[in-house]
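# Observations on the model geometry
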Amino acid sequence: MNRRTWIYQSFRWLAGAAVVHQTIGLFKAQANASSISQHNHPLNSNNPNTAMTFELPALPYAYAALEPHFDAMTMEIHHSKHHAAYVNNLNAALSGTPHADQTLEELMAVVSTLPVAVRNNGGGHYNHSLFWKLLTPQTGTTPSEALMAAIQEKFGGLDGLKEQFGKAAMARFGSGWAWLCYRDGALHLCSTANQDNPLMDIENEKGCGGFPLLGLDVWEHSYYLKFQNRRAEYVTAFWNVLNWDEVSARFAQATR
Ligand code: MN3
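Residues numbered from 1 in each chain as written. Predicted model: local features only at pLDDT ≥ 70, side-chain atom pairs only at ≥ 80, totals over all residues. Heavy atoms only, no water.

## Here's the deal with the pairing of strand 2 (residues 186-193)
- Pairing geometry for strand 1 (residues 176-183) and strand 2, over eight bridges, is antiparallel. When the bridges of strand 2 are listed, Cys 181 appears paired with His 188.
- Where strand 1 folds back onto strand 2 in an antiparallel hairpin, the turn is made up of two residues, including Asp 184, whose phi is positive at roughly 50 degrees. (Pairing = 2+ DSSP bridges. Helix = DSSP H or I, 4+ residues; strand = E, 2+ residues; numbered from the N terminus.)

As structure tokens, this is what we get:
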């Protein structure tokens, strides 16, 4: 077989395998839909009525849309490789267990009792799904009046929030997240390691609990291609692409 024939045969085999894979997936989805009550994962809006497994959500903008603040290649790898891996690994960890039809929020609330793969990959899926929605190419979004009042009260204004949030992001040693949360009637800053988040019963015990209003990924994979070791510049760039409309909506949800 010459090289050209080999490539052609390989392509045909791959195409065939893809069809088989899709067919199996369709069959499993139909089987699941008929045997298990329908369940709606809030962060899984692609297929809300029949979602038996978690799916990678599409970004609400193009990979290059946040340039020059966040670069296209980082966004693409971060979303299509890192986030996709958390989704796949979470589905694998939940497959065939009694927790397979629970929402992310339900899983987070009891995560200390679940396998560490659910903690790492469930946290990864929740955190990144939130993170993408917190970013926008639209400039000039601002906190709502109510959120601004809460920021004023706790941090003395937006600059105070940015300074203290930046400290939380910089103080996180290694991989993790910085958070602004709403808890007990007030705003709180904290950070978590790895893919832990404020909804986890684990983090609640360590003082980083509450409803996450905004979170910043400070894993090196989120900034190293563009900023290398300069995490502080990445944190500064984040404010340029933060969607205050989304943060305000989450604040309204938390305080309703
Ligand atoms: Mn990440």
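On we go from here.
## Some details on the side chain of Asn 91
- With respect to the helices and strands, Asn 91 occurs in helix 2 (residues 72-94).
- Asn 91 gets classed as buried once you look at its relative accessible area, which sits at 17%.
- Those residues in contact with Asn 91 that lie beyond four places of it in its chain are Thr 53 and Phe 54. (Buried < 20%, exposed > 50% of the residue type's maximum accessible area, 1.4 Å probe, protein only. Contact = heavy atoms within 4.5 Å.)

## Details of the coordination of the manganese ion
- In this structure, His 78 (NE2), His 128 (NE2), Asp 217 (OD) and His 221 (NE2) serve as the protein donors to the manganese ion, at separations of 1.9 to 2.1 Å.
- Mapped onto the sequence, the residues coordinating the manganese ion show the spacing H-x49-H-x88-D-x3-H. Here the residue His 78 occupies a position in helix 2, and His 128 occupies one in helix 4 (residues 116-134), the gap between them amounting to 50 residues.
- Exposure remark for His 78: the relative accessible area of 2% places this residue in the buried category. (Donors = N, O, S within 2.8 Å, 3.2 Å for Na, K, Ca; no water.)

## A closer look at the state of the cysteines
- Counted under the stated rule, the structure contains one disulfide.
- Linked covalently through their sulfurs, Cys 190 and Cys 208 form a disulfide whose S-S length is 1.9 Å. Torsion about the S-S bond of the Cys 190 and Cys 208 cystine: about 60 degrees, corresponding to right-handed handedness. Here the residue Cys 190 occupies a position in strand 2, and Cys 208 occupies one in the loop between helix 7 (201-205) and strand 3 (211-217), the gap between them amounting to 18 residues. Across the pair, exposure class does not vary: Cys 190 and Cys 208 are buried alike.
- Unpaired in terms of disulfides, Cys 181 finds its nearest cysteine sulfur in Cys 190, a separation of 4.2 Å.
- A relative accessible area of 0% places Cys 181 in the buried class. (Disulfide = S-S within 2.5 Å.)

## Let's talk about the packing of helix 5 (residues 145-155) against helix 10 (residues 244-255)
- At a minimum axis distance of 9 Å, the contact between helix 5 and helix 10 shows a crossing angle of 85 degrees. Considering their axes alone, helix 5 and helix 10 lie roughly perpendicular with respect to each other. In contact with Ala 146, Leu 147, Ala 150 and Ile 151 of helix 5, helix 10 contributes Trp 244, Val 247, Ser 248 and Phe 251.
- Looking at side-chain class alone, the contact of helix 5 with helix 10 contains seven nonpolar, one polar and no charged residues. (Axes fitted to C-alpha atoms, helices over the stretch in contact; angles between N-to-C directions. Parallel < 35°, antiparallel > 145°, perpendicular 65-115°, else oblique. Nonpolar A, V, L, I, M, F, W, Y, C, P; charged D, E, K, R; others polar.)

## Comments concerning the pattern of salt bridges
- Applying the stated criterion across every chain, the model contains four salt bridges.
- Among the salt bridges present, the one from Glu 163 reaches Lys 167, with a minimum N-O distance of 3.5 Å. With Glu 163 and Lys 167 both in helix 6 (residues 158-171), this residue pair falls four residues apart, about one helical turn.
- The partner of Glu 233 in a salt bridge is Arg 230, and the shortest N-O contact between them spans 3.0 Å. (Salt bridge = Lys/Arg side-chain N within 4 Å of Asp/Glu carboxyl O.)

## Overview of the side chain of Asn 197
- Inspection of the secondary structure assignment puts Asn 197 in the loop between strand 2 and helix 7.
- For Asn 197, a relative accessible area of 0% corresponds to the buried category.
- At 2.9 Å, the side chain of Asn 197 forms a polar contact with the backbone nitrogen of Leu 199. (Polar contact = N/O pair within 3.5 Å; in protein donor to acceptor, adjacent residues only side chain to side chain.)

## Overview of the confidence of the model for the protein chain
- Taken as a whole, the protein chain shows an average pLDDT of 85; of its residues, 80% reach a score of 70 or greater.
- Considering only residues more than four positions removed or in separate chains, one finds that residues 11-51, a stretch of pLDDT under 50, has 39 contacts. (pLDDT = per-residue confidence, 0-100.)

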